[in-house]
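The residues making up each chain are set out below.
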Amino acid sequence: MRRPIIAGNWKMYLTLSGALDLVKDLKERLKGIADRDIVVIPPFTYLHSCHKVLEGSNINIGAQDMHWEKEGAFTGEVSPFMLTDCGCKFCVIGHSERRAYFHETDEMVNKKIKSALIYGIIPICCIGETLEQREADQTFDVIEGQVRGGFAGLTSGQMGRVIIAYEPVWAIGTGRTATPEQANEVHAFIRGNLAGLFDTELANNVRIQYGGSVKPENCDDLMSQPDIDGALVGGASLKADSFARIVGFK
Ligand code: 13P
């Protein structure tokens with residue numbers, strides 16, 4: 001059985017005091033939950049303060065991106081070592097917004113994943129097709145390319161620690177969700193790819209989240225699909241009531 005994992009990617013939203021109010025509220029609301037992993041992913045500048053509030057709770061902290069080097073002259077970047085120092089256990093890597101606006105490539109994603117694993121950070125690697133690619137029937141080619149490129153050179157042992165988030169770009173922030181069947185079809189395809197590149201056992205064990213307009217109204221149907229193991233939530237993770245409802249999916 002794959003343990004479900006629900007993560008809230010706050011993107012570039014909230015103030016420090018709003019972030020602290022949100023984690024305090026979530027800590028209280030979610031305290032009884034032990035059968036699934038819960039992660040909040042604040043902007044870098046709030047990581048340490050949020051970690052202090054959540055220390056010892058069942059809610060983990062993740063970052064939205066990282067550099068692959070431990071340290072160096074890389075103005076503006078944050079290293080995996082710095083993230084662990086702030087209490088981060090997870091890091092989103094290769095989010096479509098980083099790929100689209102900051103020119104991140106599969107090669108960079110691959111370097112970041114390898115580095116995260118060295119520092120004991122669990123990478124949440126995002127993959128997904130654009131609307132143009134879906135309409136041109138390129139979804140499976142795009143996904144296969146991202147899987148091959150992003151996970152190149154990993155051993156099965158390393159890949160077993162990676163979480164994949166399938167986030168169709170056309171469903172992010174648009175209110176347009178993939179249907180549960182559409183999402184599951186791609187998740188199953190990803191698993192098939194992993195079976196070919198690694199082995200069947202690994203493919204059956206890797207957790208694959210769905211992301212893209214996940215809301216309280218659609219989370220139960222999405223999460224009921226056999227190959228969907230959780231959600232990477234954007235907008236609905238900024239409010240305690242909606243995120244808590246999604247974490248508690250039935
Ligand atoms: P929304 O839930 O706002 O569509 O964002 C999804 C996402 O990009 C999470 O990483």
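As a reminder, the structure under discussion sits directly above these lines.
Residues numbered from 1 in each chain as written. Predicted model: local features only at pLDDT ≥ 70, side-chain atom pairs only at ≥ 80, totals over all residues. Heavy atoms only, no water.

Asker: Looking at this model, I keep getting lost on the site of the ligand. Mind explaining?
Answerer: Close to the ligand lie Asn9, Lys11, His95, Glu167, Ala171, Ile172, Gly173, Gly212, Ser213, Leu232, Gly234 and Gly235, which account for all nearby residues. A distance of 3.0 Å separates an oxygen atom of the ligand from a polar side-chain atom of asparagine 9. Note that an oxygen atom of the ligand is positioned 2.9 Å from one of the backbone N or O atoms of glycine 234. Coverage of the ligand by the protein chains reaches 94% of its 310 Å² of free accessible surface. (Near = heavy atom within 4 Å. Polar contact = N/O pair within 3.5 Å; in protein donor to acceptor, adjacent residues only side chain to side chain. Areas by Shrake-Rupley, 256 points an atom, 1.4 Å probe, with all protein chains shown as cover.)

Asker: Is there a simple way to think about the side chain of glutamate 167 in this case?
Answerer: Of note, glutamate 167 is situated in the loop between β6 (163-166) and α9 (180-197). We note that glutamate 167 is buried and unpaired, the nearest opposite charge coming from lysine 11 at a distance of 6.0 Å. Only 3.1 Å separates the side chain of glutamate 167 from the side chain of histidine 95, close enough to count as a polar contact. For glutamate 167, the residues in contact, after removing those within four places along its chain, are His95, Cys126, Ile127, Gly128, Ile172, Gly211, Gly212 and Leu232. (Helix = DSSP H or I, 4+ residues; strand = E, 2+ residues; numbered from the N terminus. Buried < 20%, exposed > 50% of the residue type's maximum accessible area, 1.4 Å probe, protein only. Lys, Arg positive; Asp, Glu negative; His and termini not counted. Salt bridge = Lys/Arg side-chain N within 4 Å of Asp/Glu carboxyl O. Contact = heavy atoms within 4.5 Å.)

Asker: Is there a simple way to explain the pattern of salt bridges in this structure?
Answerer: Pairs may arise between side chains of opposite charge once their charged atoms sit close together. Across all of its chains, the model carries 19 salt bridges by this definition. In this structure, the salt-bridge partner of aspartate 65 is lysine 112, at a minimum N-O distance of 2.8 Å. Highlighted residues: aspartate 65 in the loop between β3 (59-63) and α3 (80-85) and lysine 112 in helix α5 (residues 106-118), separated in sequence by 47 residues. Owing to a relative accessible area of 7%, aspartate 65 belongs among the buried residues under this scheme. Since its relative accessible area comes to 3%, lysine 112 is described here as buried.

Asker: Quick question: what am I supposed to make of the side chain of glutamine 146 here?
Answerer: Note on placement: glutamine 146 falls in helix α7 (residues 139-150). Among the polar contacts listed, one links the side chain of glutamine 146 to the backbone nitrogen of glycine 128, at a separation of 2.9 Å. Contact partners of glutamine 146, with chain neighbours within four places excluded, come to Arg99, Asp106, Ile127, Gly128 and Phe151.

Asker: Mind showing me how you'd approach the state of the cysteines here?
Answerer: Working definition: the covalent bond between the sulfur atoms of two cysteines is a disulfide. In the structure shown here, the tally under the stated rule is 0 disulfides. Summary of cysteine pairing: cysteine 126 is not part of a disulfide, and the nearest cysteine sulfur, belonging to cysteine 125, is at 6.6 Å. A relative accessible area of 1% means that cysteine 126 is categorised as buried. With no disulfide partner, cysteine 219 has as its closest neighbouring cysteine sulfur the one in cysteine 126, 19 Å distant. (Disulfide = S-S within 2.5 Å.)

Asker: Looking at this structure, I do not really get the packing of aromatic side chains. What am I missing?
Answerer: Each pair of aromatic rings is reported with the distance of its centres and the angle of its planes. Under the counting rule described, the total for this entry stands at 2 aromatic pairs. The side chain of arginine 36 reaches across the aromatic face of phenylalanine 249, ending 4.4 Å from its centre. Lysine 70 extends its terminal NZ or CZ atom over the ring of phenylalanine 81, reaching a point 4.9 Å from the ring centre. (Phe/Tyr/Trp six-rings, centres within 6.5 Å; stacked < 30°, edge-to-face > 60°. Lys NZ or Arg CZ within 6 Å of the ring centre and 35° of its normal.)

Asker: Whenever I open this one, the pairing of strand β2 (residues 37-41) confuses me. Can you help?
Answerer: Taken residue by residue, a regular strand's side chains alternate between the two faces of the sheet. Most of β2 sits out of view: 5 of its 5 residues are buried. Side chains Asp37, Val39 and Ile41 project from β2 onto one buried face, and the interleaved Ile38 and Val40 project onto a second face that is buried too. Pairing geometry for strand β1 (residues 5-9) and β2, over 5 bridges, is parallel. Within β2, the position partnered with asparagine 9 by the bridge is isoleucine 41. The β-α-β motif built from β1, the intervening helix α1 (residues 16-29) and the parallel element β2 has right-handed crossover chirality. Sheet analysis places β2 next to β3, joined by 3 bridges and oriented parallel. The residue bridging isoleucine 38 from the neighbouring strand is isoleucine 59, located in β3. (Pairing = 2+ DSSP bridges. Right-handed = clockwise from strand over helix to strand, strands pointing away.)

Asker: Help me understand the environment of tyrosine 13 in this model?
Answerer: As for its placement among the helices and strands, tyrosine 13 is situated in the loop between β1 and α1. Classification of tyrosine 13 as partly exposed rests on a relative accessible area of 48%. Once you skip the residues sitting within four places of it in the chain, tyrosine 13 turns out to touch Pro43, Tyr46 and Leu238.

Asker: Help me understand the packing of α7 against α9, please; the structure alone is not making it clear to me.
Answerer: Packed helices, taken two at a time, are described by the angle between their axes plus the distance between the axes. Running from N to C, α7 and α9 point in directions that differ by 45°, and their axes come no closer than 10 Å. One way to sum up the angle between α7 and α9 is to call them oblique. Seen along the crossing, α7 lies across α9 with a hand that is right-handed. Residues Thr139, Phe140, Ile143, Glu144, Val147 and Arg148 of α7 touch α9, and the partners they reach there are Glu185, Val186, Phe189, Ile190, Asn193, Leu194 and Leu197. Of the residues that constitute the contact of α7 with α9, the class distribution is 8 nonpolar, 2 polar and 3 charged. (Axes fitted to C-alpha atoms, helices over the stretch in contact; angles between N-to-C directions. Parallel < 35°, antiparallel > 145°, perpendicular 65-115°, else oblique. Left-handed = near helix turned anticlockwise from the far one by under 90°. Nonpolar A, V, L, I, M, F, W, Y, C, P; charged D, E, K, R; others polar.)

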